[in-house]
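Descriptive analysis of the structure
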Amino acid sequence: MNTFGEKLRLTTFGESHGVAIGGVMDGFPAGIKIDLDFLQSELNKRRPGRNKFATARDEADKVEIFSGIFDGLSTGTPIGFAIFNSNQKSNDYENLREIFRPGHADFSYFAKYGIRDHRGGGRSSARETAVRVAGGAFAQMLLDEFEISIKSGVLSVGDVTTSLIDWQLAQNSEIFSLGNESEMKELIMQARKSHDSIGASVLSIASGVPAGLGEGLYNKLDAALAAALMGINGVKAVEIGEGINASRLKGSQNNDQMSQKEKFLTNHAGGILGGMSNGEQIVIKSHFKPTPSIFKTQHSINLEGKDTSFELRGRHDPCIGVRGSVVATAMIRLVLADMLLLNASSNLTNLKKAYGL
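Residues numbered from 1 in each chain as written. Predicted model: local features only at pLDDT ≥ 70, side-chain atom pairs only at ≥ 80, totals over all residues. Heavy atoms only, no water.

**Points about helix α1 (residues 36–46)**
Heads up, the rule is: Working definition: with a 1.4 Å probe on protein chains only, accessible area under 20% of the residue-type maximum means buried, over 50% means exposed, and in between means partly exposed. Only DSSP runs of H or I covering at least 4 residues are called helices, and only runs of E covering at least 2 are called strands; the numbering of each starts at the N terminus. Within this analysis, the arc is defined by the directions that extend from the helix axis to the C-beta atoms. Pairs of residues are marked as contacts when any of their non-hydrogen atoms sit within 4.5 Å. Counted as a polar contact is a pair of N or O atoms within 3.5 Å, where, for protein atoms, one must be capable of donating a hydrogen and the other of accepting one, and residues adjacent in sequence contribute only when both atoms are in side chains.
Considered for burial, the residues of α1 that qualify are Leu39, Gln40, Glu42, Leu43 and Arg46. Axial view of α1: buried residues confined to an arc of 155°, hence all on one face. Check the buried side of α1 and you find it contacts β4 (63–65), β7 (79–84), α3 (129–144) and α8 (320–343). Its side-chain oxygen 3.2 Å from the backbone nitrogen of aspartate 37, aspartate 35 forms the N-cap of α1.

**Brief notes about the UniProt feature "binding site: NADP(+)" (unreviewed entry) in the protein**
Our working definition: UniProt positions are given in the numbering used here, feature names are shortened, and annotations may be inferred rather than shown by experiment.
Within this numbering scheme, the UniProt entry marks Arg46 and Lys52 as carrying the feature "binding site: NADP(+)" (unreviewed entry). Topologically, arginine 46 is positioned in helix α1. According to the relative accessible area criterion, arginine 46 is buried, its value standing at 3%. Residues in contact with arginine 46, not counting those within four places in the same chain, are Asp61, Ala126, Arg127, Thr129, Ala130, Val133, Arg323, Val326 and Val327. Relative to the elements of secondary structure, lysine 52 occurs in the loop between α1 and β4. Once residues lying within four places of it in the same chain are set aside, the contact partners of lysine 52 are Met189 and Arg192.

**Re the sheet that holds strand β3 (residues 20–26)**
Note the threshold: Between any two strands, at least two bridges found by DSSP are needed for them to pair.
Read from one edge to the other, the open sheet built from five strands follows the order β1-β2-β3-β7-β4, with strand pairing classed as antiparallel. Each end of this open sheet is capped by a strand with a single partner; those strands are β1 (3–4) and β4. Strand direction decides the pairing type here: β4 and β7, joined by three bridges, are antiparallel. Bridged to isoleucine 65 within β7 is phenylalanine 81.

**Observations concerning the environment of valine 335**
By the secondary structure assignment, valine 335 is in helix α8. C-alpha separation for the pair valine 335 and phenylalanine 288, spaced 47 residues apart in sequence, amounts to 20 Å. Among all residues touching valine 335, those that are not within four sequence positions of it are Phe4, Leu221, Ala224, Leu225 and Ala228.

**Some remarks on the nonpolar core**
Under the convention used in this document: The nonpolar core is taken to be a set of buried Ala, Val, Leu, Ile, Met, Phe, Trp, Tyr and Cys residues, with the residues joined through side-chain atoms within 4.5 Å.
With 70 residues, the main nonpolar core has Phe28, Phe138, Ile282 and Leu336 as its most contacted residues. Setting aside residues no more than four positions away along its own chain, leucine 336 makes contact with Leu143, Ile148, Ile150, Ala206, Val209, Leu213, Leu221 and Ile282. Membership of the second largest hydrophobic core comes to six residues, among which are Leu178, Leu203, Ile205 and Val283.

**Describing the packing of α1 against α3**
Put simply, the rule is: Note on geometry: axes are lines fitted to C-alpha atoms, helical ones only across the stretch in contact, with angles between N-to-C directions running from 0 to 180 degrees. The crossing is said to be left-handed when, going from far helix to near helix, the turn is anticlockwise and less than a right angle, and right-handed when the turn is clockwise. Three categories are distinguished: nonpolar for Ala, Val, Leu, Ile, Met, Phe, Trp, Tyr, Cys and Pro, charged for Asp, Glu, Lys and Arg, and polar for the others, with Gly belonging to the last.
At a closest axis distance of 9 Å, the pairing of α1 and α3 adopts a crossing angle of 145°. In this structure, α1 crosses over α3, and the sense of that crossing is right-handed. Contact residues: Phe38, Leu39, Glu42, Leu43 and Arg46 in α1; Thr129, Ala130, Val133, Ala134, Ala137, Phe138, Gln140 and Met141 in α3. Along the lines of polarity and charge, the residues of the contact of α1 with α3 split into nine nonpolar, two polar and two charged.

As structure tokens, then:
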């Protein structure tokens, strides 16, 4: 599937070493002010070649919009856009034409389709996530109308973590670190210098989310968020609220007791109860595996199923969780915007308001 969302739908296209990547956003309401500077600033955060902590592939990631906007406002028709690739080095992958890279989607794509694009993974490349970041930026323009905000930062790199969360630091950090930035940077550079990679975890907070977003049994808000985040390249686990720690607690410890004054006295649930938002901050952790592209000799098999060994060439992130934090924000934006639109017809009162009755 190449389309994400129920009411607000983002369809993406393109490959890492193709002419362009792009998307079509459908279901976006008319009359929303389109902030192109904000859109580009979000893409710049994820843009490769930003600094020494990311891949050296230097793409401008300038978005071109083809439809759905007139006089600075959304028209309600599909928003079509593209980001043209300009800095591919496809020859770096020539030795992989008949080899499956460990940790990558090469083998599973070939098993499914019987053909694969060996140049950077083709469609399975994280290059595609730039389109999701653009889509998430459009979604934020809708969320701004309801004062809903999402922020993400790197909580840990390898075994270096932080308990003191500093969002101001994350905003200015080259690696979006929430704390212990120098130690995190050192670990990333150690991995790079040793021709290896390192994993990371990302903390995301959604604020201002009204109670009641989420679709009951089969499109629960937490399930939709987890699916969206697990769909990011390299994410292997997602926690909401207490997450895995909830399995160690008693009900008396995990329940968020309530009062007339403060509603919820704690937020172990992470802002979601019964698959619907409860008005508290939504708290999510995403865990990224180490970048599978490493510059060490590795053992694999070729298209004929025979044993082989190889050394990777090319340009790759030593820690995908860093730029992945930007994508996490985008996916949460898309889910919340979609849920906001779905909720508009959830009951008769809402429906009558839409028609001024």
